[in-house]
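# Descriptive analysis of the structure
What follows is the residue order along each chain.
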Protein chains: 2
Amino acid sequence: MREYYSITELTREFDISTRTLRFYEDEGLIQPVRRGRTRLFRPSDRHLVRQILRGKRLGFSINEIREIIQMYREPPGEVGQLKLLIRRITEKKDDLRQKRRDLEETLAELDQAEESCVERLVELGVNT
Amino acid sequence: MREYYSITELTREFDISTRTLRFYEDEGLIQPVRRGRTRLFRPSDRHLVRQILRGKRLGFSINEIREIIQMYREPPGEVGQLKLLIRRITEKKDDLRQKRRDLEETLAELDQAEESCVERLVELGVNT
DNA sequence: GCTTGAATTGACTTTTACGTAAACGCCGTG
DNA sequence: CACGGCGTTTACGTAAAAGTCAATTCAAGC
């Protein structure tokens, strides 16, 4: 496991810009350490970036991603906070399950559309 | 099956604003018919709205949603166009499958986070 | 010591997806 | 007929998520 990654290494690995990484830092999503002024990204930062991009692909906003990331952190010590966190996690899970339903439905409709196309091709006598 | 829905009926049903529906019309996603100047939404428009909102929940942009919607239409008559459409559909499906992987991973991590919370509660001697 | 290339910061710009406000049309009711 | 309610258009505004540009800084290599 590498100790540090440079900002350009991560931009290449994830195909994002330096501006994006700095933006995520400004937003408090990642906190790379500094050597002088240059940012050093640890494996944990790298993993966070991975999670952020995953969240983005799923259509979550930066704020929602921030919330999700906080859920992965060490659970709090106080009972009330713990219960609150569990409620939040449950909500996010429900959210994701809704997305999963949406996804399956969309996939099914696309399958149908594809099949119509193939049928149409067969009608036209095209060797598939 | 109702013949027409008014704009406010749809805003209530889908919990969106009239502005949003007009915006979708401006963007060419729906084409409600008119009686005078008032819009009349047919069941097909209503179904499109449903698909649009599903797409939004999955994080697709308006442009992407427009593309997807066009895929549901009658397949074109020309072979080249048909093959192109099939390629596009395949791409979207790949896209959705990526989202599904993202979704499952995020769900798994949330499950883990939840479990940590529950464990912590047990440590604190809380009766779950 | 000078150049070169990678990083940094800060300011300004852009795109998307609507929100909001103004100003008006149409129609049924008391 | 005045009104309230629903609908319309036009125009401007805005928040989020970066992109872009300019001015600097810094370290490395020759």
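See above for the structure.
Let me begin by describing the structure that accompanies this report. Remember, predicted model here, so these are calculated numbers, not experimental data. (Residues numbered from 1 in each chain as written. Chains lettered and ligands numbered in written order. Predicted model: local features only at pLDDT ≥ 70, side-chain atom pairs only at ≥ 80, totals over all residues. Heavy atoms only, no water.)

Of the residues lining the interface, 43 residues belong to chain A; the matching set on chain B comes to 43 residues. Taken over both partners, the interface formed by chain A and chain B buries close to 4200 Å², and the fraction arising from carbon and sulfur atoms is 69%. If you look at where chain A meets chain B, you find 12 salt bridges. Its salt-bridge partner being B:Glu109, residue A:Arg54 comes within 2.8 Å of it at the nearest N-O pair. Linking chain A with chain B are 20 residue pairs in polar contact (both at pLDDT 80 or more). Put simply, the parts of the chain that give the side of chain A that touches chain B at least two residues each are α3 (43–57), α4 (62–72) and α5 (79–123) of chain A. Considering every element that reaches the side of chain A that touches chain B, the biggest residue donor is α5(A), with 29 residues. Looking at the side of chain A that touches chain B residue by residue, the class counts come to 21 nonpolar, 8 polar and 14 charged. (Contact = heavy atoms within 4.5 Å. Buried area = accessible area lost by both parts, 1.4 Å probe. Salt bridge = Lys/Arg side-chain N within 4 Å of Asp/Glu carboxyl O. Polar contact = N/O pair within 3.5 Å; in protein donor to acceptor, adjacent residues only side chain to side chain. Helix = DSSP H or I, 4+ residues; strand = E, 2+ residues; numbered from the N terminus. Nonpolar A, V, L, I, M, F, W, Y, C, P; charged D, E, K, R; others polar.)

Neighbouring residues of DNA strand D: 18 residues in total, closest A:Ser17, A:Lys56, A:Ile62, B:Thr8 and B:Arg39. Sugar plus phosphate, as a fraction of atoms of DNA strand D within 4 Å of the protein: 77%. One nitrogen or oxygen atom from the side chain of A:Thr20 is found 3.0 Å from a phosphate oxygen belonging to DNA strand D. With respect to DNA strand D, the side chain of A:Lys56 contributes an N or O atom lying 2.7 Å from a phosphate oxygen. (Near = heavy atom within 4 Å.)

Time to look at the nonpolar core. Core analysis: the largest hydrophobic core is formed by 65 residues, its most contacted members being A:Leu21, A:Ile30, B:Leu21 and B:Ile30. Contacts of B:Leu21, omitting those with residues within four sequence positions, involve B:Ile7, B:Leu10, B:Thr11, B:Ile16, B:Ile30, B:Phe41 and B:Val49. (Core = buried A, V, L, I, M, F, W, Y, C linked by side-chain atoms within 4.5 Å. Buried < 20%, exposed > 50% of the residue type's maximum accessible area, 1.4 Å probe, protein only.)

Residues and elements named next belong to chain B. With their axes 12 Å apart at the nearest point, helix α1 (residues 7–14) and helix α3 (residues 43–57) run at an angle of 35° to one another. In this structure, the crossing between α1 and α3 has a hand that is right-handed. Taken together, the residues of α3 that come into contact with α1 (itself represented by Leu 10, Glu 13 and Phe 14) are Arg 46, Val 49, Arg 50 and Leu 53. Along the lines of polarity and charge, the residues of the contact of α1 with α3 split into 4 nonpolar, no polar and 3 charged. (Axes fitted to C-alpha atoms, helices over the stretch in contact; angles between N-to-C directions. Left-handed = near helix turned anticlockwise from the far one by under 90°.)

Within the structure, DNA strand C sits among 19 residues, and A:Thr8, A:Arg39, B:Ser17, B:Tyr24 and B:Ile62 are positioned closest to it. Of all atoms in DNA strand C that approach within 4 Å of the protein, 71% are sugar or phosphate atoms. Every element with two or more residues in the surface near DNA strand C is listed here: α1 (7–14), α2 (18–26) and β2 (38–40) of chain A together with α2 (18–26) and α4 (62–72) of chain B. For the surface near DNA strand C, the element with the most residues is α2(B), which contributes 4 residues. Across the surface near DNA strand C, the residue classes break down as 4 nonpolar, 7 polar and 8 charged.

For the rest of this paragraph, the subject is the packing of aromatic side chains. All names here are of chain A. According to the stated counting rule, one finds 2 aromatic pairs over all chains in the structure shown. Here the aromatic rings of Phe 23 and Tyr 24 are separated by 6.0 Å at their centres, their planes lie at 50°, and the arrangement is tilted. Accessibility expressed as a relative area gives 33% for Phe 23, which makes it partly exposed. One Lys or Arg, Lys 99, reaches over the ring of Phe 60 and ends 4.5 Å from the middle of that ring. (Phe/Tyr/Trp six-rings, centres within 6.5 Å; stacked < 30°, edge-to-face > 60°. Lys NZ or Arg CZ within 6 Å of the ring centre and 35° of its normal.)

In short, the description is geometric, and any link to function would need to be established separately.
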